[in-house]
Amino acid sequence: MTTSISETFATLKSENRMAFMPFITAGDPDLATTVDVLKELSRQGVDLIEVGFPYSDPIADGPVIQESYTRALNNGFHVHDLFEALKELSADESVDLPALVGMVSYAIIFRYGAERFLKEAADAGFSGLIVPDLPGDEAGEFVELTKAAQLDLVQLVSPLTPEDRTKRIVQSASGFIYCIAVAGTTGVRDELPAELTAHLESLRSLTDLPLAVGFGISKPEHVDTLRGKADGFIIGSAIVKQFAAFSDPDQTREDVIASIGKYAGEMAAATKG
Amino acid sequence: MTTSLSNVPDASGRFGEFGRRFVPETLMHALEELTQEYEKAKQDPSFQAELDDLLKHYVGRPNPLYFAERLTEHCGGGKIYFKREDLNHTGAHKINNTMGQALLTMRMGKKRVIAETGAGQHGVASAVACARFGLECIVYMGEEDIRRQKLNVFNMKMMGAEVRGVSSGSKTLRDAVNEAMRDWMSSVETTHYIIGSVIGPHPFPMMVRDFQSVIGKEAREQCLAQTGKLPDQVIACVGGGSNSAGMFYPFIDDEGVKLTGVEAGGRGPEPGEHASTLSYGAKGVLHGSFGYVLQDDDGQTMDVHSISAGLDYPGVGPEHSYWKDSGRVNYTAITDDEALEGFQTMARLEGIIPAIESSHAIAYAVKAARQASPDETIVVCLSGRGDKDVNEVARLLGRDI
Ligand SMILES: Cc1ncc(COP(=O)(O)O)c(C=O)c1O
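The structure reproduced in this document is the subject of the present report.

So, how was this worked out
Residues numbered from 1 in each chain as written. Chains lettered and ligands numbered in written order. Predicted model: local features only at pLDDT ≥ 70, side-chain atom pairs only at ≥ 80, totals over all residues. Heavy atoms only, no water. Helix = DSSP H or I, 4+ residues; strand = E, 2+ residues; numbered from the N terminus. Rg over C-alpha atoms; globule rule 2.2 N^0.38 Å. Buried < 20%, exposed > 50% of the residue type's maximum accessible area, 1.4 Å probe, protein only. Contact = heavy atoms within 4.5 Å. Areas by Shrake-Rupley, 256 points an atom, 1.4 Å probe, with all protein chains shown as cover. Near = heavy atom within 4 Å. Polar contact = N/O pair within 3.5 Å; in protein donor to acceptor, adjacent residues only side chain to side chain. Nonpolar A, V, L, I, M, F, W, Y, C, P; charged D, E, K, R; others polar. Buried area = accessible area lost by both parts, 1.4 Å probe. Salt bridge = Lys/Arg side-chain N within 4 Å of Asp/Glu carboxyl O. Pairing = 2+ DSSP bridges. Axes fitted to C-alpha atoms, helices over the stretch in contact; angles between N-to-C directions. Parallel < 35°, antiparallel > 145°, perpendicular 65-115°, else oblique.

## Here we look at the overall build of chain A
Within chain A, the secondary structure is distributed over 12 helices and eight strands. In terms of overall size, chain A behaves like a compact globule, its C-alpha atoms giving a radius of gyration of 17 Å where 273 residues would be expected to give roughly 19 Å. Projected onto the principal axes, the alpha-carbon positions of chain A cover approximately 50 × 40 × 35 Å. Taking all 273 residues of chain A together, 60% fall into the buried category. In chain A, the share of contacts with a sequence separation of at least 24, taken over all contacts with a separation of at least 6, comes to 73%. Accessible surface, chain A: about 10800 Å² in total, of which carbon and sulfur atoms supply 49%.

## Points about the overall build of chain B
Counting its secondary structure elements, chain B contains 16 helices and 14 strands. On C-alpha atoms alone, chain B measures out to a radius of gyration of 19 Å, which is about the 21 Å that the 2.2 N^0.38 rule sets for 401 residues. Dimensions of chain B, computed from C-alpha atoms along their principal axes, come out at roughly 55 × 55 × 45 Å. Looking at chain B as a whole, 66% of its 401 residues are labelled buried. Counting contacts in chain B only where the partners sit at least 6 residues apart, residues at least 24 apart contribute 74% of the total.

## Digging into the site of the ligand
Residues and elements named next belong to chain B. In the neighbourhood of the ligand, 18 residues make up the surrounding shell, with Ser-197, Gly-239, Gly-241, Ser-242 and Ser-383 lying closest. Between the ligand and Ser-383, the relevant distance is 2.7 Å, taken from a nitrogen atom to a side-chain nitrogen or oxygen of the residue. The residue makeup of the shell around the ligand, split by class, is five nonpolar, 11 polar and two charged.

## Examining the interface of chain A and chain B
Taken together, the contacts link 37 residues of chain A with 35 residues of chain B. Interface area for chain A against chain B, summed over the two sides, is near 3100 Å², with a carbon-plus-sulfur share of 52%. Counting across the chain A and chain B interface gives five salt bridges. Seen at the junction of chain A and chain B, the total is 20 residue pairs in polar contact (both at pLDDT 80 or more). Those elements giving two or more residues to the side of chain A that touches chain B turn out to be α3 (63-74), α5 (106-112), α7 (136-148), β5 (152-157) and α8 (163-172) of chain A. Here the side of chain A that touches chain B takes six residues from α5(A), the largest share from any one element.

## Notes on the sheet that holds strand β14 (residues 377-382) of chain B
All names here are of chain B. The sheet built from six strands is open, its strands ordered β3-β4-β14-β9-β10-β13 with mixed pairing. At either end of the open sheet lies a strand with only one pairing partner, and these are β3 (65-67) and β13 (329-335). Taking each pair of neighbouring strands and ignoring which way they run, the sheet shows an average axis angle of 30 degrees. Note that strand β9 (residues 233-237) and strand β10 (residues 258-266) share five bridges and pair parallel. Within the sheet, the bridge partner assigned to Val-234 lies in β10 and is Leu-259. Sitting on the sheet, helix α15 (residues 356-371) touches β4 (79-84), β9, β10, β13 and β14, and the angle it makes with β9 is about 150 degrees.

## Thoughts on the pairing of strand β8 (residues 232-235) of chain A
Residue and element names in this part refer to chain A. Covered by surrounding structure in β8 are Gly-232 and Ile-234 together with Phe-233 and Ile-235, the residues of both alternating faces. Relative to β8, strand β1 (residues 19-25) runs parallel, the two sharing four bridges. The residue bridging Met-21 from the neighbouring strand is Ile-234, located in β8. Two elements, strand β7 (residues 211-214) and β8, share two bridges in a ladder whose sense is parallel.

## Some details on the packing of helix α4 (residues 79-91) of chain A against helix α6 (residues 114-124) of chain A
Residue and element names in this part refer to chain A. Between α4 and α6, the least distance of the axes is 8 Å, while the angle of their chain directions is 30 degrees. With respect to α6, the axis of α4 lies roughly parallel. Contact residues: Val-79, His-80, Phe-83, Leu-86, Lys-87 and Ser-90 in α4; Phe-117, Glu-120, Ala-121, Asp-123 and Ala-124 in α6. The class makeup of the residues in the contact of α4 with α6 is six nonpolar, two polar and three charged.

## Details of the environment of B:Ala49
Residue and element names in this part refer to chain B. Residue position: Ala-49 is located in helix α2 (residues 45-59). Judged by its relative accessible area of 45%, Ala-49 falls in the partly exposed class. Measuring from C-alpha to C-alpha, the distance between Ala-49 and Glu-17 comes to 34 Å, with 32 residues separating the pair along the chain.

## Considerations on the sheet that holds β8(A)
All names here are of chain A. Taken together, eight strands build a closed barrel; the order of strands is β1-β2-β3-β4-β5-β6-β7-β8 and the barrel is parallel. Within this sheet the neighbouring strands show an average axis-to-axis angle of 25 degrees, counted without direction. Contacts between helix α2 (residues 31-43) and the sheet are confined to β1, β2 (48-52) and β3 (99-103), with β1 contributing the most and set at about 170 degrees to the helix.

## Things to note about unusual backbone geometry
Backbone torsion omega between A:Asp28 and A:Pro29 reads -5 degrees, so that peptide bond is classified as cis. One can find A:Pro29 in the loop between β1 and α2. The omega torsion across B:His202 and B:Pro203 is 15 degrees, close enough to zero to call that bond cis. A positive phi is found at B:His287, a non-glycine position, where the angle reads about 50 degrees. When you line up the elements, B:His287 lands in the loop between β11 (282-286) and β12 (289-293).

## Remarks on the pattern of salt bridges
A full pass over the atoms with the stated rule returns 52 salt bridges over all chains. Notably, a salt bridge pairs A:Arg17 with A:Glu15, separated by 3.3 Å at the nearest N-O pair. On the basis of relative accessible area, A:Arg17 is assigned to the buried category, the value being 18%. Taking relative accessible area as the criterion, A:Glu15 reaches 45% and is therefore assigned partly exposed. In this structure, B:Lys83 and B:Glu218 form a salt bridge, with 2.7 Å as the shortest nitrogen-oxygen distance. Here B:Glu218 lies in helix α10 (residues 214-227) and B:Lys83 lies in strand β4, a separation of 135 residues in the sequence. The burial state of B:Lys83 is the same as that of B:Glu218; both residues are buried. Residues joined in a network through salt bridges with shared partners are B:Glu144, B:Asp145, B:Arg147, B:Arg148, B:Asp312, B:Glu392 and B:Arg395.

Given below as structure tokens:
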């Protein structure tokens, strides 16, 4: 049984804690490793996991995630193989897998066939999807399809989104709102922008959905800044950059997985403050 | 009720089912602003007057519609005319668009411009427009294209643009577009992205088509004046599709005029060997819009090949996708070898060194003219001149310069 996104956030709220959601690229460097990393992240007590579908032409992603996509695609990543691997993992009772959120380009979904994609994603154990290149206005029909497939469709709001757009966007969103911390692409930043707090406050007045912040986050200090203002945070590049070490002949696969787990464990601990 | 094919896109940027905006939320507001600003500019007579003045005194428009007598004789059929975009300042059609978009950049109060380029013609045209108006200019260009198009890289730098090499993916046009989009994601408040073709999210495909339509409008009038009738056929090469869209659009409602877009057939029809999106692609999403894309079953964009850096693109403008499905425009492909031959034929018979992109249209026109009767007229968009290509052509022909 997979947990739903809203259940996860509700539980965390009752524990007065933020959700930590690491991002990994599926198939980097191969699907067997993806499965082992998912198990390790589950053991470290992360609250949700964002699984990125490698895409050949990402425009919202910075170099770290793009390189990771390239590694996965060069190793022959296929959407269907990922779904098969996850289906098996979700059925494994020895693993306490948190809610999985797919991050996937609309280019992939459309080509695969939206209904087929949604069905296979739900069967594979996904609770929701983030489709970064399908902005609220374009999502119309797809919102209905995701509902029918009992998946959440998470919407993104950027610091440049004006209030009237935000109001429209949050109406069609479910699961949580993905608050982009900085106008730009994914990638680690030293500091979170000062305006972020005000942005979160204004969002809070527009929706009851949980607010999760992503883009640029990498350190426990960042998490402290968000406490009490956001319901969760997403870390991508700071984790994904560690996957490059799988091709380092001086490190064993187990060591790399353990070090990814250690970092995730530290960030998970930071949510407890 | 039949709606005119020219009455697109709608307010959300749809050409039938094609077009729209598939971009990260961070860019949405800027696209809405750009759409509004462009609509306002279009209705502002002073904007059009300023653009017309620049096109006349700076770009050198109207350029001629030239009857290619010797090439016509060589083919022994229809009469071939060339719309001479190669005679524009900077030697290609790209400058029609960059002049318009540079004026818009200033209307929006932005001081920084980014652009992507394949063959370098759009990069040069952007650098020129920025130099002319004192805007900062950054051009993204794939490393492979930097190698193929050294002359244009030098020219851009001379005009004060910064050329940023892109080493991801296939190191060509598509990767340059990705990189420019990424820059725009973090700079959109201060920067305008001058997209170089009728691709990308709404309003770009519409706006670039409008700016390039000056080609077809002039050609239409010139044809009527010089031959007393509309052309029987109009031919243009298609990379992203801007010179062809500009050429075709003013003829779209003239049902008797046959329109043909010529894509890069590369080394042949196998995947990865060509860039013939409309011949071999499937519907999908690339670079912010919905249209035909060369992609695999998972929606991953495929590698493409063409002898010409300007046609080496796995997508195509949404309006072309619309024209293809409506059957209004016929799309075909010309191989690398045929284009090289078209290049040489044109040089020898007409004393014009064409761009290798345009050589695709020329090679097809030669075939079409042979099939046509002498009372038929064929108008070809000579989208650019070939100075930038001579090194590459010499290399391919095994000659020294
Ligand atoms: C001379 C010339 N023709 C054609 C093209 C292809 O672009 P489009 O298909 O947008 O006209 C280019 C692009 O660089 C070019 O330089």
